[in-house]
Amino acid sequence: MDKLYYTIGEVSEILGENASLVRFWSNSFPKYIKPKRNAKGNRLYTAEDLECLKQVHLLVKEQGMTLEGASKKLAADRKKIEGKVKVLDSLKEIRKQLVAVKKAL
C-alpha cells in the first residue's frame, strides 16, 4: 500500500467487487469512508478508506451481515474486525505464494 490515493477502479479490483458496489458502500458508511474528489469529480480513496472498505466487505459479503448490522459491528468492535481483515489478507498472500511455488515445480 504505497499509494496515497486509490481510484474507485483500483479499490473495486482489490476487493473483487464492481465499482457501483464500492460507491454504494461509500455512501452507506460516511462515518468511516470519506473519499476525496479530484478536479474531475472522481472519488479518490486513502489507504484508511480502503481498510474500512475491506472491513465492510468482510462483514457484508463474507459474514452475511446487513448494512445496519455491519455499521453497528464497526461502531462496537472495530479493532477486532481490523485484525480479522489483516489475518485474511496475510493468508491470501501466503496462498498466492504457495500457488506460485507449485506452478514452478
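Presented here is an overview of the structure given in this document. In this text the structure is predicted, and so the values were computed from the model without any measurement. (Residues numbered from 1 in each chain as written. Predicted model: local features only at pLDDT ≥ 70, side-chain atom pairs only at ≥ 80, totals over all residues. Heavy atoms only, no water.)

### A closer look at the nonpolar core
Counting residues in each nonpolar core, the largest one holds 22 residues, and the members touching the most others are Val11, Ile33 and Leu53. Listing elements by their share of this core, those giving two or more residues are helix H1 (8–15), helix H2 (19–28), helix H3 (47–62), helix H4 (67–76) and helix H5 (78–104). Per-element accounting of this core gives the leading share, seven residues, to H3. If we skip the residues at most four places from it in the chain, valine 11 touches Tyr6, Val22, Tyr45, Leu50 and Leu53. (Core = buried A, V, L, I, M, F, W, Y, C linked by side-chain atoms within 4.5 Å. Buried < 20%, exposed > 50% of the residue type's maximum accessible area, 1.4 Å probe, protein only. Helix = DSSP H or I, 4+ residues; strand = E, 2+ residues; numbered from the N terminus. Contact = heavy atoms within 4.5 Å.)

### Comments concerning a nonpolar patch on the surface
A cluster of nonpolar side chains, contributed by Val87, Leu91, Ile94 and Leu98, occupies part of the molecular surface with about 380 Å² of accessible area. Along the chain, leucine 91 falls in helix H5. (Patch = residues over 30% accessible without salt bridge, like charges linked within 9 Å, V, L, I, M, F, W, Y side chains within 5 Å. Areas by Shrake-Rupley, 256 points an atom, 1.4 Å probe, with all protein chains shown as cover. Salt bridge = Lys/Arg side-chain N within 4 Å of Asp/Glu carboxyl O.)

### A short note on the side chain of lysine 54
Mapping lysine 54 onto the fold places it in helix H3. Residue classification places lysine 54 among the buried residues on the basis of a relative accessible area of 13%. Only 3.1 Å separates the side chain of lysine 54 from the side chain of aspartate 89, close enough to count as a polar contact. (Polar contact = N/O pair within 3.5 Å; in protein donor to acceptor, adjacent residues only side chain to side chain.)

### Some points on the side chain of serine 26
With respect to the element layout, serine 26 can be found in helix H2. A relative accessible area of 4% places serine 26 in the buried class. In terms of polar contacts, serine 26 uses its side chain to reach the side chain of tyrosine 45, at 2.8 Å.

### A closer look at the sheet that holds strand S3 (residues 43–45)
Across the sheet, which stays open at both edges, the three strands sit in the order S1-S3-S2 with antiparallel pairing between neighbours. The open sheet has two edge strands with one neighbour each: strand S1 (6–7) and strand S2 (36–37). Bridge count between S2 and S3: two bridges; the pairing is antiparallel. Pairing of arginine 37 across the sheet is with arginine 43, part of S3. (Pairing = 2+ DSSP bridges.)

### A look at the pattern of salt bridges
Inspection of every chain in the model, using the stated rule, returns seven salt bridges. For the salt bridge of glutamate 68 with lysine 72, the shortest nitrogen-to-oxygen distance reads 3.3 Å. Placement of both glutamate 68 and lysine 72 in helix H4 is noted, with a separation of four residues, approximately one turn of the helix. Here glutamate 68 and lysine 72 have matching classes, each one exposed.

On their own, these measurements won't tell you what the molecule is for.
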